[in-house]
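The chain contents come next:
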Amino acid sequence: MSQKPRLWITRRLSDATLARAARDYDVVVNEADTPGTAADLIAASADFDAVVPCHSEHFSAEVVAQFAPRLKIVANHSVGVDHCDLPALKARGIAVTNTPDVLSDATAEIAILLMLGAARHAVAGDRIVRTGAWDFWSPSFMVGKQVTGARLGIIGMGRVGQAFARKARGFEMEIHYYNRNPVADDLAQGATYHASVESLLGVADFLSLHCPATPATKGLLNAERLALLPKGAVVVNTARGALVDEAALLAALQSGHVAAAGLDCFVTEPGGNPAFATQENIFMLPHIGSATTKTRDAMGFRALDNLDAFFAGKSPKDLL
Ligand code: 8YV
């Protein structure tokens, strides 16, 4: 192609990503770094051949229906694509790609952090030291739940679930998982398969969510399922807020049935859930699972690799 394709980058990606994009594309970056609105996306479809969005831009069927014909590819800077109505984009002949693999370790690291922090009173402990309120110590003070050797239930044994299991093995955890289908033995590494979520929950002293948000998984962790967890279980979510019925989780935490939770994802983002803020047994982070320098570069490069393939007339590696 003699003229460089015109590319809109919706958010402030890593410097290395932006430099490579500027070298290879006629690129416009949203330097304001605000989420692209429906109007922004519709306008971009007339001015650009390609968009690299984040999960903060919502390609709903209603928005896609108003697209101009110019836009040819949405090369997501994310592994999750629940912000994209894939059938609607496909019906318009727009290619969609994502960035699997490259963020699995960073996300699994955050899941380990949340699991440990939730299990060992990280929020209350940090607060009392930080505020000078630490005026007492006793062997019965801030006693938490031991991770080493405990049973871990993983919902969604894809790339991130497997990366989390690898790290959890360092804590000698007994790993169980639910997935639509069992994974190959070399990937399961001895983890026990459960054919239903219900069966998994019964053994999950620690439960970590690693499945995509789809209409089928929305509200997956509801009051009935939370009740199936062993008393004193710890719940971790680094996948998507939509997987959890937040009111039911709060009730389970307040009753003590669930001892603690570690959450990087919320139904409402940005913002989170103000009702969670009063609970020091909830360790929360603002959706930063993949936010390391190495992983941000890798995600940006993976999105650009997909674009390069597309504009070279090849099938992008991560075409959905
Ligand atoms: C990203 C994510 O931070 O990749 C995903 O699906 O949720 C996060 O890791 C975000 O989507 C970046 O665009």
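Note that the structure is predicted; figures quoted are calculated from it, not measured. (Residues numbered from 1 in each chain as written. Predicted model: local features only at pLDDT ≥ 70, side-chain atom pairs only at ≥ 80, totals over all residues. Heavy atoms only, no water.)

J.: Residues and numbers for the sheet that holds strand E11 (residues 258–263), please.
T.: Pairing is parallel across the open sheet formed by 7 strands, whose spatial order is E8-E7-E6-E9-E10-E11-E12. If you trace the sheet from one side to the other, it starts and ends with strand E8 (192–194) and strand E12 (282–284), each paired once. Ignoring which end each strand starts from, the neighbouring axes of this sheet average 20° apart. Here strand E7 (residues 174–178) runs beside E8; their pairing, made up of 3 bridges, is parallel. Note on E8: the bridge partner recorded for Tyr178 is His194. Most of the contacts of helix H7 (residues 159–169) go to strand E6 (residues 151–155), to which it runs at about 170°, and overall it touches E6, E7 and strand E9 (206–209). On top of the sheet, helix H11 (residues 246–255) reaches strand E10 (233–237), E11 and E12; it is set at about 135° to E11, its chief contact. (Pairing = 2+ DSSP bridges. Helix = DSSP H or I, 4+ residues; strand = E, 2+ residues; numbered from the N terminus. Axes fitted to C-alpha atoms, helices over the stretch in contact; angles between N-to-C directions. Contact = heavy atoms within 4.5 Å.)

J.: Lay out H11 with the relevant residues and their values.
T.: Among the residues making up H11, those that are buried are Glu246, Ala248, Leu249, Leu250, Ala252 and Leu253. On its buried face, H11 is in contact with helix H10 (223–228), E10, E11 and E12. You can read the cap of H11 off the contacts: a side-chain oxygen lies 3.2 Å from the backbone nitrogen of Ala247, and it is on Asp245. Phi turns positive, to about 90°, at Gly256, one or two residues after H11. (Buried < 20%, exposed > 50% of the residue type's maximum accessible area, 1.4 Å probe, protein only. Polar contact = N/O pair within 3.5 Å; in protein donor to acceptor, adjacent residues only side chain to side chain.)

J.: So what's going on with the sheet that holds strand E1 (residues 6–9)? Residues and values would help.
T.: Ordered by their spatial adjacency, 5 strands build an open sheet running E2-E1-E3-E4-E5, and the pairing between neighbours is parallel. The open sheet has two edge strands, strand E2 (26–29) and strand E5 (95–97), and neither has a second partner. Going from strand to strand, the sheet's axes swing by 15° on average, the running direction of each strand aside. Relative to E2, E1 runs parallel, the two sharing 4 bridges. Its bridge partner lying in E2, Leu7 is registered against Val27.

J.: Please provide a residue-by-residue account of the environment of Thr268, values included.
T.: Looking at the secondary structure, you find Thr268 in the loop between E11 and E12. The exposure class assigned to Thr268 is partly exposed, which follows from its relative accessible area of 46%. Separated by 94 residues in sequence, Thr268 and Glu174 place their C-alpha atoms 33 Å apart.

J.: So what's going on with the domain arrangement of the protein chain? Residues and values would help.
T.: Here the protein chain is described as being made up of domain 1 (6–102 + 293–311) and domain 2 (104–284). Taking only C-alpha atoms, the centre of domain 1 and the centre of domain 2 are 31 Å apart. When domain 1 packs against domain 2, close to 550 Å² is buried across both sides, 41% of that on carbon and sulfur atoms. Across the pair Arg240 and Asp82 runs a salt bridge, and its minimum N-O distance is 2.9 Å. For the pair domain 1 and domain 2, the interface holds 3 residue pairs in polar contact (both at pLDDT 80 or more). Among the residues making up the side of domain 1 that touches domain 2, the classes are represented as 2 nonpolar, 3 polar and 2 charged. (Domains from an automatic or database assignment. Buried area = accessible area lost by both parts, 1.4 Å probe. Salt bridge = Lys/Arg side-chain N within 4 Å of Asp/Glu carboxyl O. Nonpolar A, V, L, I, M, F, W, Y, C, P; charged D, E, K, R; others polar.)

J.: Please provide a residue-by-residue account of the pattern of salt bridges, values included.
T.: Scanning the model with the defined rule gives 17 salt bridges in all. Lys167 serves as the salt-bridge partner of Asp105, at 3.0 Å between the closest nitrogen and oxygen. Residue Asp105 is found in helix H5 (residues 104–119), and its partner Lys167 is found in helix H7; the two are separated by 62 residues along the sequence. Judged by relative accessible area, Lys167 falls into the partly exposed class, the value being 26%. With a closest N to O distance of 2.9 Å, Asp205 and Arg151 form a salt bridge. One end of the pair, Asp205, is in the loop between helix H9 (197–201) and E9; the other, Arg151, is in strand E6, with 54 residues separating them in the sequence. On the accessibility criterion, Asp205 (14% relative accessible area) is buried. For Arg151, a relative accessible area of 27% gives the class partly exposed. Here the residues in one salt-bridge network are Asp101, Arg159, Arg302 and Asp318, joined through shared partners.

J.: Lay out the site of the ligand with the relevant residues and their values.
T.: Lining the immediate environment of the ligand, one finds Cys54, His55, His77, Ser78, Val79, Gly80, Leu103, Arg240, His287, Ser290, Arg296 and Met299. In the environment of the ligand, an oxygen atom lies 2.8 Å from a nitrogen or oxygen atom belonging to the backbone of Gly80. Expressed as a share of its isolated accessible area of 330 Å², the protein-covered part of the ligand is 93%. Looking at the shell around the ligand, its residues break down into 4 nonpolar, 6 polar and 2 charged. (Near = heavy atom within 4 Å. Areas by Shrake-Rupley, 256 points an atom, 1.4 Å probe, with all protein chains shown as cover.)

J.: Summarise the environment of Asp24; cite the residues concerned and give the values.
T.: Its location among the elements puts Asp24 in helix H1 (residues 15–24). On the accessibility criterion, Asp24 (24% relative accessible area) is partly exposed. Considered as a pair, Asp24 and Pro35 are 11 residues apart in the sequence and their alpha carbons are 24 Å apart. For Asp24, the residues in contact, after removing those within four places along its chain, are Lys4, Pro5 and Asp308.

J.: An account of the packing of aromatic side chains is needed here, citing residue identities and associated values.
T.: Tallied over the full model, the rule gives 7 aromatic pairs. With centroids separated by 6.1 Å and ring planes inclined at 90°, the aromatic side chains of Phe59 and Phe67 adopt a geometry described as edge-to-face. An aromatic cluster is built from Tyr25, Phe310 and Phe311, whose rings are joined through pairwise contacts. The side chain of Arg20 reaches across the aromatic face of Phe301, ending 4.8 Å from its centre. (Phe/Tyr/Trp six-rings, centres within 6.5 Å; stacked < 30°, edge-to-face > 60°. Lys NZ or Arg CZ within 6 Å of the ring centre and 35° of its normal.)

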